[in-house]
Amino acid sequence: MKVALAHDYLTQQGGAERVALELLKAFPQAPMYTTVFAPARTFPGFTGRDVTTSWLNRVPAARRDPRPLLPFLPSAIRSLHVADADVLLCSSSGWAHGLEAGSAVKVVYCHNPPRWLYQRDEYLSGQRRARLPLSVLARRLERFDRRAARSVHTYIANSQVVAGRIMTTYGREAQVINPPRGLEPDGPEEQPQGVEPGYLLTVGRPRGYKNTGLLIKALSARPKDRLIAVGGEPADAAPNVTVLRDLTDPQLRWLYRNCRALVGISYEDFGLTPPEAMAHGKPVALLRAGGYLETNVEGKTGVFIETLTERDVLSAIDDIDSTRWDSDSIRTHASQWSPAAFRARMIEIVERAARG
């Protein structure tokens, strides 16, 4: 069985890219197709692999951030051609599922149907200037997206939430396979400079729907309560908030190990960071929404934040601090999202698709 892999673009270090790395581990001989590849900006595990890029990779701005070049991404993914594969396995949240599969069976691990088409208000939160250009492009992009969806043989959703969106958007059933923890607790650790244990931790890219700004604002009212925001938004007006970017895995592992709790108030399709924190035995305070409902067991692994208000965020943090948590029980709960279990299930799905 010959397998080819595809991913939207390899220009950042996020949960979807960690999933793509696990797919490479599951199918180590498979070539990877993507629109843009910036080795210095994504995980080092992609370096040295067989990665084929589109014409867009020759544009320096695309390697920095392909999202502003969104009108060109359909053309970029369609310019790639899969050669000699039985199965094309796409890790997609909007573009990779549009890759022409040739004679191969197309299987899509869907992180989410494109947010910029079907969840535009969340995607563009805090980005007013982008609304008009995107509304002008939406019809053309939706034609591309729906045509791509019709070419898919098997859909896999990363959560029940996304499975529901796939049905609503495309009218397609999707099997749910949660993504694995991207960062395992066992491994080297490195203390980031100037960080001492005992802080609250949040981890997420600077996207409007991550709501990091609200969390920073809430914690800024508590000068004695420290927050470490990994990959988050600038916090010039909050001296008790430290924003860290471009961390190594050993540094991130140390941050999980030495935090009081993980706080997440974004609308996540699944959300990899709670299982990562739980694998380190840490409780979580999460917005009662989306994929967080599939990982957090209230009272056992953490608490829920009821609404996106500063009051409810701070109330949940108080609940975290006033509860005695069983770290071993939290770690046991997190074991179901191991990378080995994920790889085994993906291999099974791909083999089944290859048999027809």
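Refer to the structure printed above.
Going along each chain's sequence as written, the residues are numbered from 1 onward. Confidence filtering applies because this is a predicted model: local features only for residues at pLDDT of at least 70, side-chain atom pairs given and counted only at 80 or more, and all residues used for totals across whole chains, interfaces and linings. Hydrogen atoms and water are omitted, and side-chain values are computed over all heavy atoms in the structure.

Chemist: Tell me about the overall build of the protein chain, and name the residues and values.
Modeler: Each helix and strand counted, the protein chain has 13 helices and 13 strands in total. We compute the radius of gyration over the C-alpha atoms and compare it with the globule rule, which gives 2.2 Å times the number of residues raised to the power 0.38. By the compact-globule yardstick of 21 Å for 356 residues, the protein chain fits well, its C-alpha radius of gyration being 20 Å. In terms of principal-axis extent, the alpha carbons of the protein chain reach across some 60 × 45 × 40 Å. Burial classes: relative accessible area under 20% of the type maximum marks a residue as buried, over 50% as exposed, and values in between as partly exposed (1.4 Å probe, protein chains only). Buried positions account for 56% of the 356 residues belonging to the protein chain. By definition in these notes, contact holds between two residues if any of their heavy atoms fall within 4.5 Å. Considering only contacts within the protein chain whose residues lie at least 6 apart along the sequence, 62% involve residues at least 24 apart. Here the protein chain has roughly 15,500 Å² of accessible surface; of this, 49% comes from carbon and sulfur atoms. Lys and Arg are tallied as positive, Asp and Glu as negative. Neither His nor the chain termini are counted. Where a charge sits is defined by one atom per residue type, namely NZ (Lys), CZ (Arg), CG (Asp) or CD (Glu). When the 46 basic and 38 acidic side-chain charges of the protein chain are each reduced to a single mean position, those positions are 6 Å apart. Strands here mean DSSP runs of E at least two residues long; helices mean DSSP runs of H or I at least four residues long; both are numbered from the N terminus. Surface accessibility follows the Shrake-Rupley procedure with a 1.4 Å probe radius. Residue values consider only the protein chains on display as shielding.

Chemist: An account of the packing of aromatic side chains is needed here, citing residue identities and associated values.
Modeler: Stacked, edge-to-face and tilted labels apply to pairs of Phe, Tyr and Trp rings (six-membered ring for Trp) whose centres lie within 6.5 Å, assigned for plane angles under 30 degrees, over 60, and everything in between, in that order. If you walk through the whole model with that rule in mind, you get eight aromatic pairs. Each ring, one from Y118 and one from Y170, has its centre 6.4 Å from the other, and the planes form 90°; the classification is edge-to-face. Residue Y118 is found in helix α4 (residues 115-118), and its partner Y170 is found in helix α7 (residues 160-170); the two are separated by 52 residues along the sequence. Under the relative-accessibility criterion, Y170 is labelled buried at 14%. Connected via pairs of aromatic rings, a cluster forms that spans W95, W116 and F144.

Chemist: Can you tell me about the sheet that holds strand β2 (residues 32-34), naming the residues and giving the values?
Modeler: Only when DSSP finds a minimum of two bridges between them are two strands counted as paired. Strands sit in the order β3-β2-β1-β4-β5-β6-β7 across an open sheet of seven strands; the sheet is parallel. Strand pairing shows two members of the sheet lacking a second neighbour, β3 (51-53) and β7 (175-176), which therefore form its edges. Here strand β6 (residues 154-157) pairs with β7 via two bridges, running parallel. Within the sheet, the bridge partner assigned to A157 lies in β7 and is V176. Against the sheet, helix α1 (residues 15-26) engages β1 (3-7), β2, β4 (87-92) and β5 (105-110), with an angle of about 170° to β1. Helix α13 (residues 339-355) rests against β1, β4, β5, β6 and β7 of the sheet, and its axis sits at about 150° to β5. Helix axes are fitted only over the stretch in contact, all axes being lines through C-alpha atoms; the angle between N-to-C directions runs from 0 to 180 degrees.

Chemist: Help me get a handle on a positive patch on the surface, residues and values and all.
Modeler: A cluster of like positive charges, contributed by R78, R139, R140, R143, R147 and R150, occupies part of the molecular surface. Among the elements that take part in the positive patch, helix α6 (residues 131-150) stands out by supplying five residues, more than any other. Along the chain, the position of R150 falls in helix α6. Looking at R150, the relative accessible area reads 65%, which means it is exposed. Each patch is built from residues lacking any salt bridge and having more than 30% relative accessible area; the joining distance is 9 Å for like charges and 5 Å for nonpolar side chains (Val, Leu, Ile, Met, Phe, Trp, Tyr). For salt bridges, the criterion is a side-chain nitrogen of Lys or Arg within 4 Å of an Asp or Glu carboxyl oxygen.

Chemist: Break down the pairing of strand β11 (residues 261-264) for me, with residues and values.
Modeler: The alternating pattern of β11 places A261 and V263 and L262 and G264 on opposite faces, both of which are buried. Pairing of strand β8 (residues 200-203) with β11 involves two bridges; the strand directions are parallel. Bridge pairing links L201 to L262 in β11. Across three bridges, β11 lies against strand β12 (residues 284-287) in parallel orientation.

Chemist: Before we move on, can you summarise the side chain of E22 with the specific residues and values?
Modeler: Relative to the helices and strands, E22 resides in helix α1. With relative accessibility at 6%, the residue E22 sits in the buried group. Polar contact criterion, stated in full: a pair of N or O atoms within 3.5 Å, where within protein one must be able to donate a hydrogen and the other to accept it, and residues adjacent in sequence count only if both atoms are side-chain atoms. Within polar-contact distance, the side chain of E22 engages the side chain of R343 at 2.6 Å. Non-local contacts of E22, meaning those with residues more than four positions away in its chain, are made with P180, P339, F342 and R343.

Chemist: Requested: an account of the pairing of β1, with residues and values cited.
Modeler: With five of five residues buried, β1 lies mostly within the body of the structure. Burial along β1 is two-sided: the face carrying V3, L5 and H7 and the face carrying A4 and A6 are both buried. Bridge count between β1 and β4: five bridges; the pairing is parallel. Paired with H7 across the bridge in β4 is S91. Here β1 pairs with β2 via three bridges, running parallel. Within β2, the residue paired with A6 across the bridge is Y33. With α1 bridging β1 and the parallel β2, this β-α-β connection has right-handed handedness. Crossover handedness is defined here as right-handed if the route from the first strand over the helix to the second strand goes clockwise, with the strands pointing away from the viewer.

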